[in-house]
Amino acid sequence: MTSEAEPNEIGQELDYEIEDLQSQIATLKRHLKIHATTILSADSTRQLLLRHRETLEEDSLFVSSETSSAVHDKVLSRIDAQHAHDQQCLYRTGAAVTTFKVRDPDPNAVDNGSVLGLRFEVMSKTRFLRPYYVMLNRPYPESRHLRVHRHTVPPCIPLPGLAARYLPAPSPPDATHQAKQDLLRFVRHVRREIVRYHNRAAVIGDLAEAAAAAAARGAAGGDEERGRERREGDEEEGDEEGEGEGEEAGAGTLVDVRAADPQAKQVSLAWADGRTGRLVMDDDGGVDKVVVFRYDEQDGETRRELVTGEDRRLEDVVRRVGWSTKTRTRTTSRQSRAAS
Amino acid sequence: MSRLSVPTSGRLSPTVRISNSTVVVQKVINRLSRQALLSLALDWMDEPNRALCAPLLQDYDDPNDFYPPVSSLAKLRELYRDMETRKGSKKEVSDRILEGDWRHGLSLYQLAMADVRYLHEHPTWQKWMVYRILPLAINPDLDTEADASEVDHESLSVSRLHPSSFLKNLQSQVLPDTKAHYHLHRLPELRLLLIRVFLIDTPYSNNLPSGNGSSSADATHADTSRTLYIVFPDGAPFVYISKIQGASASSGGADSKLFRNLVTDSIPKALSRPRERYTLKYTNIQGKNLQALLSMKGAGRGNAADGGWSMYADKRKESPLDTLLPTPPLSEDSSDDVILENLKRGTKRKSHIDVAEEQCIRKARRSAQARFGNSARPEDGRGVERVDISMRDPFKTRRAGERQIAEHDTEGLSSWAPEVKLTFRGPHVFAGMRLLVENGIINGQRMPGWLTGEEGVTVGEVRHGRVQGHYGSGF
């Protein structure tokens with residue numbers, strides 16, 4: 001038995017070791033690439049190479065000069081490619097929308113397969129996301145009007161509507177009013193919709209995070225309180241107990257915050273004590289409407305807690321959710337202390 | 001005995017029981033596997049479902065009873081757990097359920113659960129037709145009827161689904177002499193909402209008789225039932241609608257088509273709200289694989305970027321802050337191990353393989369990569385099983401000795417086009433195409449675009465080498 005088990009163990013160990021080494025190889029390869037890129041993009045490298053090449057050409061008596069100049073050409077072309085790529089990255093970092101040319105691989109493609117690509121950069125949580133692409137071509141005979149050919153914009157962004165507005169199909173030649181296209185406004189509007197969507201989704205994420213943090217804090221506060229009364233009891237219990245402690249404490253920690261529609265304009269809210277709510281945002285993240293229900297009845301109090309007076313942006317709601325629960329737990333603890 | 005039956009317009013309650021002798025119940029239960037039946041029975045006894053699927057519990061023992069009822073729920077649960085551990089036939093379990101513990105009939109809720117369980121086991125059971133939800137233009141001056149079919153192409157609104165109000169509105173669209181039961185369900189690992197609609201031709205919504213009292217008339221009511229599935233993908237303005245399934249053989253053909261039209265008419269009405277109206281438009285996509293449909297018409301980026309364009313939609317990281325030169329696919333550094341491995345295997349098999357042939361293979365693979373990108377891999381689970389294409393290309397004509405292609409096909413004598421229809425079938429049509437290109441059987445550079453799946457349709461007409469009506473675009 002043991003003799004059978006041992007090779008297995010050894011084999012497993014070896015497998016682990018191989019896996020480990022392979023991951024090391026991958027990291028080293030990546031490092032190598034990064035260093036190579038750094039060297040290639042340095043200006044001095046290029047100058048050195050050029051000078052070296054001149055000297056090579058001068059003493060062409062060497063046998064190896066031919067192969068060595070071929071290597072030089074390769075490195076130089078690589079440097080050029082690197083420079084082009086660096087410039088593209090720079091443009092992409094600086095400008096939110098960049099264009100590029102694509103060839104449609106379809107042999108039957110219209111307009112000899114030339115396609116204009118638009119690249120929309122999006123940032124979320126201090127990171128560049130994968131850009132969205134919109135490809136345009138010119139399918140109409142005797143007209144230079146553009147048309148959306150392919151795109152990677154998700155359906156929550158009303159691209160068809162925008163295309164119909166700004167990039168209409170050419171009207172027949174005998175029409176009195178010729179349809180005009182406005183690529184610039186199209187691009188601007190698409191980008192605005194994309195960025196707005198991501199901002200709305202991000203602020204809903206912030207609200208969920210604030211609610212979760214407040215709930216955790218509330219549970220911790222409750223725990224401290226209860227700790228004096230009885231030592232046992234985990235956090236979840238603390239949550240439930242908090243709910244039982246009177247109307248004002250509400251214990252109504254938000255337990256569920258999520259976007260309720262594809263465009264991330266509506267937020268559905270759920271509290272621990274069964275209250276449910278719906279919050280409607282306008283395009284730019286301002287709070288449009290809020291409604292909260294408690295047992296099939298409208299709950300104006302909670303609604304006012306969420307949104308009051310002038311602060312009608314979702315960011316304010318986020319702040320208030322984080323802040324109000326803090327004060328609430330404090331009052332709760334005071335109350336329960338008085339009670340005990 | 002004088003139970004009052006009043007025609008109502010309400011929906012059927014999930015607790016309404018259907019007699020076990022009906023064809024519907026027999027069909028639904030008998031197609032499930034033994035394992036599924038057992039876990040289903042255990043699910044019925046679980047806390048949230050118990051009220052809607054109560055089993056028969058009795059204390060006394062009837063010696064003539066083949067499946068004597070058990071006295072408590074715990075005992076019953078133990079009985080089914082016991083059956084789970086030992087081997088046996090499916091018949092044993094289904095008989096135990098239908099003639100033993102649920103002999104008084106299965107509730108509509110139970111039936112729905114059983115049906116959905118079958119869909120879990122067989123994800124490609126249903127064939128779906130994909131419809132796009134389009135906003136309608138609202139013109140306050142005109143009568144609502146007159147301007148009903150005007151699609152607002154410039155609208156910026158994206159339809160939103162609120163399941164409970166959708167069902168409420170759908171109910172109001174159902175004909176008064178039919179009753180419906182709705183069941184909402186989320187399939188695991190798929191971002192969609194499944195609605196099962198179960199329709200019975202009866203104006204009454206009270207208990208369909210169970211056990212002894214069952215009259216033949218009521219049994220026929222249950223047997224005229226039809227089941228329909230509606231799928232709403234999350235965050236995307238599309239609806240997938242399944243074929244109507246009748247319980248008996250009689251309900252089929254033209255009748256079910258009529259019924260389907262009725263349903264597709266009522267769905268947009270149920271989705272619409274005051275000042276926000278929608279219509280459905282067929283997208284020329286049919287398929288059985290929900291995963292494939294989701295990638296073609298779902299919430300992601302790939303809706304209008306299939307085939308070779310999918311390289312713009314895949315999950316690769318592409319930050320402008322990354323200054324590393326991107327490696328071209330199929331180069332030495334690229335991580336396309338599978339292809340290289342295949343290449344090596346190929347060389348091993350033929351030891352005398354010459355350089356030219358190897359270059360040929362490489363070229364074919366590269367062109368496949370260019371035309372298909374990372375889509376249409378045999379193992380990606382997004383197979384389309386049938387593609388119908390009808391060719392409308394004008395026939396190539398030869399005039400006066402010189403070869404010339406008739407350009408003006410729309411009018412004139414040379415517009416004769418033979419009727420050619422192509423149907424591709426298989427577990428994954430486009431992956432098959434890709435394999436043919438990779439092996440050099442199809443020339444990747446000259447292959448038309450609709451063979452790569454980039455047009456995003458499964459039914460289409462081709463003219464000038466492009467799917468018609470799209471100017472060469474699936475958008």
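Residues numbered from 1 in each chain as written. Chains lettered and ligands numbered in written order. Predicted model: local features only at pLDDT ≥ 70, side-chain atom pairs only at ≥ 80, totals over all residues. Heavy atoms only, no water.

A. Examining the overall build of chain A more closely. The helix and strand inventory of chain A stands at nine helices and eleven strands. Taking all 340 residues of chain A together, the buried fraction comes to 39%. For chain A, long-range pairs separated by at least 24 residues make up 42% of all intrachain contacts whose partners lie at least 6 apart in sequence. Within the structure as shown, chain A displays about 20,600 Å² of accessible surface, and the carbon and sulfur contribution to it stands at 52%. (Helix = DSSP H or I, 4+ residues; strand = E, 2+ residues; numbered from the N terminus. Buried < 20%, exposed > 50% of the residue type's maximum accessible area, 1.4 Å probe, protein only. Contact = heavy atoms within 4.5 Å. Areas by Shrake-Rupley, 256 points an atom, 1.4 Å probe, with all protein chains shown as cover.)

B. Seen up close, the sheet that holds strand β15 (residues 466–467) of chain B. Residue and element names in this part refer to chain B. If you trace the four strands from one edge of the open sheet to the other, you get β13-β10-β14-β15, paired in mixed fashion. The two strands at the open ends of the sheet, each matched to only one other strand, are β13 (420–425) and β15. Both strand β10 (residues 386–391) and β13 contribute to a ladder of six bridges, which runs antiparallel. What sits directly across from Met 391, in β13, is Val 420. (Pairing = 2+ DSSP bridges.)

C. Quick peek at the domain arrangement of chain B. All names here are of chain B. Splitting chain B by domain gives domain 1 (17–121), domain 2 (128–203 + 221–294) and domain 3 (301–315 + 351–396 + 415–474). Averaged C-alpha coordinates put domain 1 and domain 2 at centres separated by 32 Å. Contact residues are listed per partner, giving 14 residues for domain 1 and 16 residues for domain 2. In this assembly, domain 1 packs against domain 2 so that about 1,300 Å² is buried in total across both faces, 71% of it on carbon and sulfur atoms. Together, Val 24, Val 116 and Leu 119 form the three largest contributors to the area buried by domain 1 at its contact with domain 2, with a combined 33%. Taken together, domain 1 and domain 2 are joined by one salt bridge. A salt bridge links Arg 196 to Asp 115, with the nearest nitrogen and oxygen atoms 3.0 Å apart. The interface formed by domain 1 and domain 2 includes three residue pairs in polar contact (both at pLDDT 80 or more). Looking at the side of domain 1 that touches domain 2, the elements with two or more residues in it are α1 (23–30) and α5 (108–121). Broken down by element, the residue count for the side of domain 1 that touches domain 2 peaks at nine residues, all from α5. The residue inventory of the side of domain 1 that touches domain 2, partitioned by class, reads ten nonpolar, two polar and two charged. (Domains from an automatic or database assignment. Buried area = accessible area lost by both parts, 1.4 Å probe. Salt bridge = Lys/Arg side-chain N within 4 Å of Asp/Glu carboxyl O. Polar contact = N/O pair within 3.5 Å; in protein donor to acceptor, adjacent residues only side chain to side chain. Nonpolar A, V, L, I, M, F, W, Y, C, P; charged D, E, K, R; others polar.)

D. Focus on the interface of chain A and chain B. Facing the 56 residues of chain A at the interface are 52 residues of chain B. Approximately 4,700 Å² of surface area, both sides summed, lies buried where chain A meets chain B, with 57% of it carried by carbon and sulfur atoms. The three residues of chain A that bury the most area against chain B are Arg 130, Arg 150 and Pro 155 of chain A, which together make up 18% of that side's buried surface. On inspection of chain A and its partner chain B, the count reaches four salt bridges. Note that Arg 130 of chain A and Asp 314 of chain B form a salt bridge whose closest N and O atoms lie 3.1 Å from each other. Counting across the interface, chain A meets chain B through 18 residue pairs in polar contact (both at pLDDT 80 or more). For the side of chain A that touches chain B, the secondary-structure elements that each account for two or more residues are α1 (2–41), α3 (65–94), β1 (97–103), β2 (114–120), β5 (132–137), β6 (147–151) and α4 (159–166) of chain A. Broken down by element, the residue count for the side of chain A that touches chain B peaks at eight residues, all from α3 of chain A. Per-class residue counts for the side of chain A that touches chain B are 28 nonpolar, 13 polar and 15 charged.

E. Local environment of the pattern of salt bridges. Across all of its chains, the model carries 30 salt bridges over all chains by this definition. Linking Asp 234 of chain B and Arg 186 of chain B is a salt bridge whose minimum nitrogen-to-oxygen distance equals 2.5 Å. Separated by 48 residues along the polypeptide, Asp 234 of chain B in the loop between β6 (226–233) and β7 (238–242) and Arg 186 of chain B in the loop between β4 (179–185) and β5 (192–200) bring together distant segments of the chain. A relative accessible area of 43% means that Arg 186 of chain B is categorised as partly exposed. One network of salt bridges, in which partners are shared, links Arg 92, Glu 121 and Arg 130 of chain A together with Asp 314 and Glu 318 of chain B.

F. Looking closely at the packing of aromatic side chains. Summed over the entire model, instances satisfying the criterion amount to eleven aromatic pairs over all chains. Where Tyr 133 of chain A meets Tyr 312 of chain B, the ring centres are 4.7 Å apart and the plane angle is 55 degrees; that geometry is what we call tilted. On the criterion of chain membership, the pair formed by Tyr 133 of chain A in strand β5 and Tyr 312 of chain B in the loop between α9 (290–296) and α10 (337–349) is interchain, its members lying in two chains. Take Tyr 133 of chain A and Tyr 312 of chain B: they sit in the same class, and that class is buried. Taken together, a centroid distance of 5.1 Å and an interplanar angle of 80 degrees make the contact between Phe 166 of chain B and Phe 232 of chain B edge-to-face. Taken as a pair, Phe 166 of chain B in helix α6 (residues 163–173) and Phe 232 of chain B in strand β6 lie far apart in primary sequence, 66 residues in all. Residue Phe 166 of chain B is classed as buried on the basis of its relative accessible area of 2%. (Phe/Tyr/Trp six-rings, centres within 6.5 Å; stacked < 30°, edge-to-face > 60°.)

G. Up close: helix α2 (residues 43–58) of chain A. All names here are of chain A. End to end, α2 covers 23 Å across 16 residues, agreeing with the expected 22 Å (1.5 Å per residue, within 8%). Buried within α2 we find Thr 45, Leu 49 and Leu 56. The arc enclosing the buried residues of α2, seen along the axis, measures out at 35 degrees, which places them on a common side. Every exposed residue of α2 that faces more than 90 degrees away from the buried side is listed here: Asp 43, Arg 51 and Glu 58. (Expected span 1.5 Å × (residues − 1). Arc of directions from axis to C-beta.)

H. Main features of helix α4 (residues 90–101) of chain B. If you check α4 of chain B, its first and last C-alpha atoms are 16 Å apart, about what twelve residues at 1.5 Å a residue would give, namely 16 Å. The set of residues buried in α4 of chain B consists of Val 93, Ser 94, Asp 95, Arg 96, Ile 97, Leu 98, Gly 100 and Asp 101 of chain B.

I. Geometry of a positive patch on the surface. A surface patch of positive charge is lined by Lys 29, Arg 30, Lys 33, Lys 74, Arg 78 and Arg 127 of chain A together with Lys 317 of chain B. Those elements that place two or more of their residues in the positive patch are α1 and α3 of chain A. Considering every element that reaches the positive patch, the biggest residue donor is α1 of chain A, with three residues. Within the fold, Lys 29 of chain A resides in helix α1. (Patch = residues over 30% accessible without salt bridge, like charges linked within 9 Å, V, L, I, M, F, W, Y side chains within 5 Å. Lys, Arg positive; Asp, Glu negative; His and termini not counted. Charge placed at Lys NZ, Arg CZ, Asp CG, Glu CD.)

J. Expanded view of the pairing of β7 of chain B. Residue and element names in this part refer to chain B. Within β7, five of the five residues are buried, leaving the element largely enclosed by the surrounding structure. Here β7 shows two buried faces, one formed by Phe 238, Tyr 240 and Ser 242 and the other by Val 239 and Ile 241. Strand direction decides the pairing type here: strand β3 (residues 128–135) and β7, joined by five bridges, are antiparallel. Of the residues in β7, the one forming a bridge with Trp 128 is Ser 242. From the end of β6 to the start of β7, which pair antiparallel, there are four residues, and Gly 235 there has a positive phi angle of about 60 degrees.

K. Just the environment of Thr 93 of chain A, in detail. All names here are of chain A. By the secondary structure assignment, Thr 93 is in helix α3. On the basis of relative accessible area, Thr 93 is assigned to the partly exposed category, the value being 34%. Considering only alpha carbons, one finds Thr 93 and Glu 121, 28 residues apart in sequence, at a separation of 8.1 Å.

L. Molecular detail of the domain arrangement of chain A. Residues and elements named next belong to chain A. Split into domains, chain A comes out as domain 1 (2–94), domain 2 (97–169 + 178–194) and domain 3 (196–339). Between domain 1 and domain 2, the C-alpha centre-to-centre distance is 36 Å. In this complex, domain 1 contributes four residues to the contact, which on the side of domain 2 involves five residues. The junction of domain 1 with domain 2 conceals about 380 Å² of combined surface from both sides, 52% of it contributed by carbon and sulfur atoms. Summed over the three residues of domain 1 that lose the most area to domain 2, namely Gln 88, Arg 92 and Thr 93, the buried surface amounts to 91% of that side. Salt-bridge contacts for Arg 92 lead to Glu 121; the nearest nitrogen and oxygen are separated by 2.5 Å.

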